[in-house]
Amino acid sequence: MKNLGLINKIIYLVNGIAAVLLLLSFILPFLPPKPFSILAVVNLGVSFLIILNILFFIYWVIRLKKQCLLSLVVLCLGYFSFGTLYKFSSSKKIENPSNLKIMNYNVRLFNLYGWIPESGVETKIIEFIQTESPEVLSVQEYHPHKNIDLSFFKYKFEKLSNGKLRYGQAIFSQFPIVNSGSIEFPETANNAIYADIVKGSDTIRVYNIHLQSLRINTAVENLKKEDSERLLNRVSTAFKMQQLQAELFLEHKEACPYKMVVCGDFNNTAFSYVYRIIKGDLNDTFKEAGNGFGRSYEFKFFPVRIDFILADDRFNVNGYSSYTEHYSDHFPIMATLSLDK
C-alpha cells in the first residue's frame, strides 16, 4: 500500500471490499438463511462479484503489482469450492438410443399479461417446445388458457391454485405416469410436484420445484424507486421461506425408492444454501455437460442461473442445452440423460 498512489489506494480499498464480499458468499451456502437472511442477499450478486474480482486481478497484473494476489486467492478458493462461473469446455452431446430428454421451463403464465410486448408469445412457446421435442417437460407458472395445446405429450400431471387465475406447476411426459403428487408449501402458491414415469423397465421420479420468488423487478427504473429497507426485508423473508420449502422437499425425497431427476426454478443461485442442500449428491447437469454461463433468467446486469436440472448419479449426463429464446423472464434448459451405466 505504501508504494501506491492515492487513486490506486482507493481502488485497492474497493478491491478489498469486493474480495471480502466474495469470500463471504462462499461461506453463506453452508449457513441456514433463517438466522442469516440479510447476509444471504450477498449470494444473489456472486456472478457480479466474481466478474468484479477478475477485473481487479487484471488491473493489478497489467500494472505488475502484487495486489493482484488478493483477488487471485479469493477466486481460486471459490473455484476449488464451487467450480467456475463460466464453463469453457464445449457442450457434451452423446447420441444414445436410450437417451431421455428433459426440459425445464418457467413460462410466466405464457405471457398472459403481455409482459413481452408482442402477439402470439404463447403459441411461440408451444412451437419451440414441440420443435425441441423433450420427452419430459417440467413447467413452472403454468396456466392452461385456451391457446395452450400441449396434447402432443401423451401424459401430464398438473397442480393448479384454486383462485380465479388458475396456475401452478405441471409435468408432461411421453411415457406413462404411474404415480404423482404434490408437496404443499405453507402460506404460498408455490409448491413442488412429482411424477413417477415408466421408461422401459425403469421407473424414474421427476420432481418439479418452484421455490419462493424474491419478487425483484430488475428494470433499472423500478430498482431506483424501490425502498431499500423494504426490499431487504422482502428478500430476507423469501430466503427463510425457501429454506423451509427446501427442507419439506428433502423430507419427501428421502422416502423416494426410485432414481430421480429434480427440475425447477429455485429463485436462487448455485451459490445458495437451498441449492446446496437440494442438490446433495445429485449431479448438476449444467456442470456435467453444459458450457458458457448457463444463464436461465433475464437479469439485466450479469448472467444468472436459477433454473436447474439435477440428476441421480446413476444417470449418464449426455447433453445439456441453455436456450436464448425470449418468451418469458426465464430461459428454457434441457438435459439429455441415459441409464445405461
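A brief structural summary. The shown structure was predicted, so the numbers you read here are calculated from the model rather than taken from an experiment.

## Concerning the overall build of the protein
Looking only at helices and strands, one finds 10 helices and 12 strands in the protein. Since a compact globule built from 341 residues should have a radius of gyration of about 20 Å, the 21 Å found for the protein is in line with a globular shape. Considered along the principal axes of its C-alpha atoms, the protein spans approximately 70 × 45 × 40 Å. Of all 341 residues assigned to the protein, the portion counted as buried reaches 50%. Look at the contacts in the protein between residues 6 or more apart in sequence, and 69% of them connect residues 24 or more apart.

## Quick notes on the environment of L44
Relative to the helices and strands, L44 resides in the loop between helix 2 (33-36) and helix 3 (46-62). Taking relative accessible area as the criterion, L44 reaches 22% and is therefore assigned partly exposed.

## Observations concerning the environment of N3
With respect to the secondary-structure elements, N3 resides in the segment before helix 1 (6-27). Overall, N3 belongs to the exposed group, its relative accessible area being 72%.

## Here's the deal with the pattern of salt bridges
Throughout the structure, instances matching the rule amount to eight salt bridges. In this structure, the salt-bridge partner of R108 is D329, at a minimum N-O distance of 3.7 Å. In this pair, R108 is assigned in helix 5 (residues 108-111) and D329 in the loop between strand 11 (316-322) and strand 12 (333-338), connecting sequence segments 221 residues apart. The residue D312 makes a salt bridge to R314 at a minimum N-O spacing of 2.8 Å. Accessibility expressed as a relative area gives 9% for D312, which makes it buried. For R314, a relative accessible area of 40% gives the class partly exposed.

## Regarding a nonpolar patch on the surface
A cluster of nonpolar residues, L23, I27, L69, L72, V73 and L77, forms a patch on the protein surface that exposes about 480 Å² of accessible area. If you list the elements that add at least two residues to the nonpolar patch, you get helix 1 and helix 4 (68-82). Among the elements that make up the nonpolar patch, the one with the highest residue count is helix 4 (four residues). Along the polypeptide, L77 turns up in helix 4. In this structure L77 comes out as partly exposed when scored by relative accessible area, which is 43%.

## Quick word on the state of the cysteines
All chains considered together, the criterion is met by zero disulfides. Of the cysteine sulfurs around C256, a residue in no disulfide, the closest is that of C263, at 13 Å. The class of C256 is buried, set by a relative accessible area of 13%.

## Regarding the side chain of D265
Mapping D265 onto the fold places it in strand 8 (residues 259-265). Look at D265: it is buried, it has no salt bridge, and the nearest opposite charge is R108 at 10 Å. At a separation of 3.0 Å, a polar atom in the side chain of D265 contacts the main-chain amide nitrogen of N267. Here H330 takes part through its side chain, which lies 3.5 Å from a polar atom of the side chain of D265. Not counting residues within four places of it along the chain, the set of residues in contact with D265 comprises N104, N106, Q140, I209, H210, L211, I306, D307 and H330.

## What about the nonpolar core?
Membership of the largest hydrophobic core comes to 23 residues, with the highest contact counts inside it found for I102, V136, V206, V261 and L337. Contributing elements (two or more residues each) for this core: strand 1 (100-106), strand 6 (191-199), strand 7 (202-210), strand 8, helix 10 (285-289), strand 10 (307-311), strand 11 and strand 12. The contacts of L337, once residues within four sequence positions are left out, are S98, N99, L100, I102, V261, T285, A311, F315, N316, V317 and N318.

## Quick word on unusual backbone geometry
Unlike most non-glycine residues, R108 shows phi in positive territory, near 45°. Relative accessible area serves as the criterion here: at 16%, R108 is assigned to the buried category. In the Ramachandran plot, N111 falls in the positive-phi region, its phi being about 60° despite a non-glycine side chain.

## With respect to the sheet that holds strand 8
Strand order across the open sheet formed by six strands is 5-6-7-8-10-9, with mixed pairing between neighbours. Because the sheet does not close on itself, it has two edges, and the strands there are strand 5 (177-184) and strand 9 (283-284). With two bridges connecting them, strand 9 and strand 10 associate as antiparallel partners. Bridge pairing links D284 to L310 in strand 10.

## Some points on the environment of F185
Note that F185 resides in the loop between strand 5 and strand 6. Discounting chain neighbours no more than four positions away, the residues touching F185 are N190, N191, A192, H210, L211, Q245 and L248.

What counts as what
- Here the residue numbering is sequential within each chain, running from 1 through the sequence in written order.
- This being a predicted model, a pLDDT of at least 70 is required before a residue's local features are given, and a value of 80 or more before pairs of side-chain atoms are given or counted; all residues contribute to the totals for chains, interfaces and linings.
- Hydrogens and water are ignored here; the side-chain numbers use all heavy atoms of the structure.
- The numbering of helices and of strands both runs from the N terminus, where a helix is a DSSP run of H or I of at least 4 residues and a strand a run of E of at least 2.
- Computation of the radius of gyration draws on C-alpha atoms alone. For the globule rule, the value is 2.2 Å times the number of residues to the power 0.38.
- The rule is simple: take the accessible area with a 1.4 Å probe, protein chains only, and divide by the maximum for that residue type; under 20% is buried, over 50% is exposed, in between is partly exposed.
- Note on definitions: a residue-residue contact is assigned when non-hydrogen atoms from the two residues lie within 4.5 Å.
- Criterion for a salt bridge: a side-chain nitrogen of Lys or Arg within 4 Å of a carboxyl oxygen of Asp or Glu.
- Two joining distances apply to patches: 9 Å for like charges and 5 Å for nonpolar side chains (Val, Leu, Ile, Met, Phe, Trp, Tyr), and every residue must have over 30% relative accessible area and no salt bridge.
- Note on areas: these come from Shrake-Rupley sampling with a 1.4 Å probe, and a residue is covered only by the protein chains present in the view.
- When two cysteine sulfur atoms lie within 2.5 Å, the pair is treated as a disulfide.
- By the counting scheme adopted, Arg and Lys are positive, Glu and Asp are negative, and His together with the chain ends is not counted.
- Pairs of N or O atoms are called polar contacts if they sit within 3.5 Å, as long as, within protein, a hydrogen donor faces a hydrogen acceptor (for residues adjacent in sequence, only side-chain-to-side-chain pairs).
- In these notes, a set of buried Ala, Val, Leu, Ile, Met, Phe, Trp, Tyr and Cys residues joined through side-chain atoms within 4.5 Å is what counts as a nonpolar core.
- Paired strands, in this sense, are two strands between which DSSP finds at least two bridges.

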